[in-house]
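# Analysis of the macromolecular model
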Amino acid sequence: MRHLNILPLLIALTTCLSLTSCARKAYYDISTGADVADSGNYVVRWQVRPGMRGEVAIYASDDAGSYPLEPTKVEPIGKEWATFATDGTVYSRHYFLLVFDDREMRVAGMRVIPTEGFANLRDAGGYMTDEGYQMRWGRLYRGGRYRGLTPRDSLVIGSLGLKHNIVLSDAYSFVYLTNGIGNVVQKDFAANTPIDYKSVLKRIDEGDMSKEGVILFIHDTFNSLAYENPEQLSAALHYLLDPDHYPVMISDEWGKDRAAFLTMLVQYSLGVSRSDILSDYLLSNALLSVEKLAPQGFHATPGRQEALSEFFRCRPSDLLSIITDIENKYGTIGNYMDQVLDFDESDRIRLRELLLY
């Protein structure tokens, strides 16, 4: 089957838009999504600006950057959903290119990667930028460390085509197994200032740290990540500039602290809106199961249970507070990256070339 590459199509659509004086930044008027229904089939959904008419041509592919020349389905824009049957395998990774009225396009994919041995694993792609570009699906993943892969997990991870895993390690917290994910190359970046998560969990278990104490600890954690780990962050960011490292995953213990902060820096570099950066951060709350990560806590007193739940929870204030603090000190996140992480605008342009449609 002949396929088309998405980038020439994007250029063609952009030309069309410019001829009709339609700004790329109108992207907020269209949203798309994909998930898997109980039947195992994909459901693709979209919402458009009020009054938008015409048809949406939907192209399905297992490659986020290449699609068949003919659409798999054509639906009225007003329908707002379509289903696609899978081939019945254990896991089938699909992406969907949606072209609205031959004028505007989006790529939809399923964000959460369903595994048992990984915590908080998801595709970081799909978010739109302030200039109307879209983060590429299937290029950048984020998650926690693996805790023993099931046979099904191995099939799922294999379908992602991962080449490299950036491990933001913390000496007090955990140790990764080298090359533990099949043929994925593991690159470990050690923390300049480790954070003693184990002692905090022990204090919670012993009843020596309250819910309020945990919230303060997480606040201090983000300050430490931002200001006491320049070499770790800088090295990881520069590692992302090599196209041979993609698809790549950013990981830490639970995928919610170091991984979240580094992902925020990447998203800022790409021009992702603050609201989408925050939404991506808060998605961890739906993916981190305290029952699985710390089942013993549910036999503790209510106060200990509250403190444990707060330990694994992501609060909007956690990320917003450190972003605001950086902006107060440096003016912009970009200035912080320039001055502290040695990651300048030319590096951010290179990152945009690698990670945007």
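Residues numbered from 1 in each chain as written. Predicted model: local features only at pLDDT ≥ 70, side-chain atom pairs only at ≥ 80, totals over all residues. Heavy atoms only, no water.

### Observations regarding unusual backbone geometry
Counted only if it meets this: Helix and strand assignments come from DSSP, with helices taken as H or I runs of at least 4 residues and strands as E runs of at least 2, each series counted from the N terminus.
Residues Tyr246 and Pro247 are joined by a peptide bond in cis, for which omega reads -5 degrees. For Pro247, the location among the structural elements is in the loop between helix 5 (230-239) and strand 14 (248-252). A positive phi angle, close to 55 degrees, is found at Asp342, a residue other than glycine. Within the element layout of this structure, Asp342 appears in the loop between helix 12 (333-341) and helix 13 (345-355).

### Looking at the layout of surface pockets
Applied cut-off: Any residue with an atom within 4 Å of a point lines the site, the site being either a cavity, points on a 1 Å grid over the protein atoms alone where a 1.4 Å probe fits but cannot get out, or a pocket, an open set with protein on both sides within 12 Å along at least 5 of 7 lines. Grid points are joined across faces, edges and corners, and a volume is the space filled by probe spheres set on the points. Polarity classes work like this: nonpolar for Ala, Val, Leu, Ile, Met, Phe, Trp, Tyr, Cys and Pro, charged for Asp, Glu, Lys and Arg, and polar for all others, with Gly in that last group.
Estimates place the volume of the largest pocket at around 380 Å³. Considering the residues around the largest pocket, the lining is formed by 20 residues, among which Ser31, Thr32, Gly126, Tyr127 and Met128 are closest to the centre. Residue assignment for the lining of the largest pocket shows that the elements contributing at least two residues are strand 2 (31-36) and strand 9 (104-109). Size it by volume and the second largest pocket reaches roughly 320 Å³. Residue lining of the second largest pocket: 16 residues in total, with Thr115, Glu116, Phe118, Ala119 and Leu287 positioned closest to the centre. When its residues are assigned to classes, the lining of the second largest pocket shows nine nonpolar, four polar and three charged.

### Brief notes about the pairing of strand 12 (residues 164-169)
For the record, the criterion: For the exposure calls, accessible area comes from a 1.4 Å probe over protein chains only, and a residue counts as buried if that area is under 20% of its type's maximum, exposed if over 50%, partly exposed in between. At least two bridges found by DSSP between two strands are what make those strands a pair.
The element strand 12 is largely enclosed, with a buried count of six among its six residues. Of the two faces of strand 12, the one lined by His164, Ile166 and Leu168 and the one lined by Asn165, Val167 and Ser169 are each fully buried. Note that strand 12 and strand 14 share four bridges and pair parallel. Within strand 14, the position partnered with Val167 by the bridge is Ser251.

### Concerning the sheet that holds strand 7 (residues 81-84)
For the record, the criterion: Whenever a helix is involved, its axis is fitted only over the stretch in contact; in every case the axis is a line through C-alpha atoms, and angles between N-to-C directions fall within 0 to 180 degrees.
Taken in spatial order, the three strands line up as 2-3-7 in an open sheet, and their pairing is antiparallel. Strands at the two margins of the open sheet, each flanked by one partner only, are strand 2 and strand 7. Across the sheet, the mean angle from the axis of one strand to that of its neighbour is 15 degrees, orientation sign disregarded. Bridge analysis of strand 2 against strand 3 (residues 42-47) gives six bridges, and the strand direction is antiparallel. Looking at strand 3, one finds that Ser31 is bridged to Gln47.

### Looking at the pattern of salt bridges
Side-chain pairs of opposite charge can arise whenever the charged atoms involved come near each other. Put simply, the rule reads: A carboxyl oxygen of Asp or Glu within 4 Å of a side-chain nitrogen of Lys or Arg is what we treat as a salt bridge.
Overall, the coordinates contain 19 salt bridges when judged by the stated rule. Of the charged contacts in the structure, one is a salt bridge between Arg106 and Glu104, with a shortest N-O distance of 3.8 Å. For the pair Arg106 and Glu104, a shared accessibility class is recorded, and that class is buried. A salt bridge links Arg315 to Asp318, with the shortest nitrogen-to-oxygen separation between them at 3.3 Å. Assessed through its relative accessible area of 5%, Arg315 is described here as buried.

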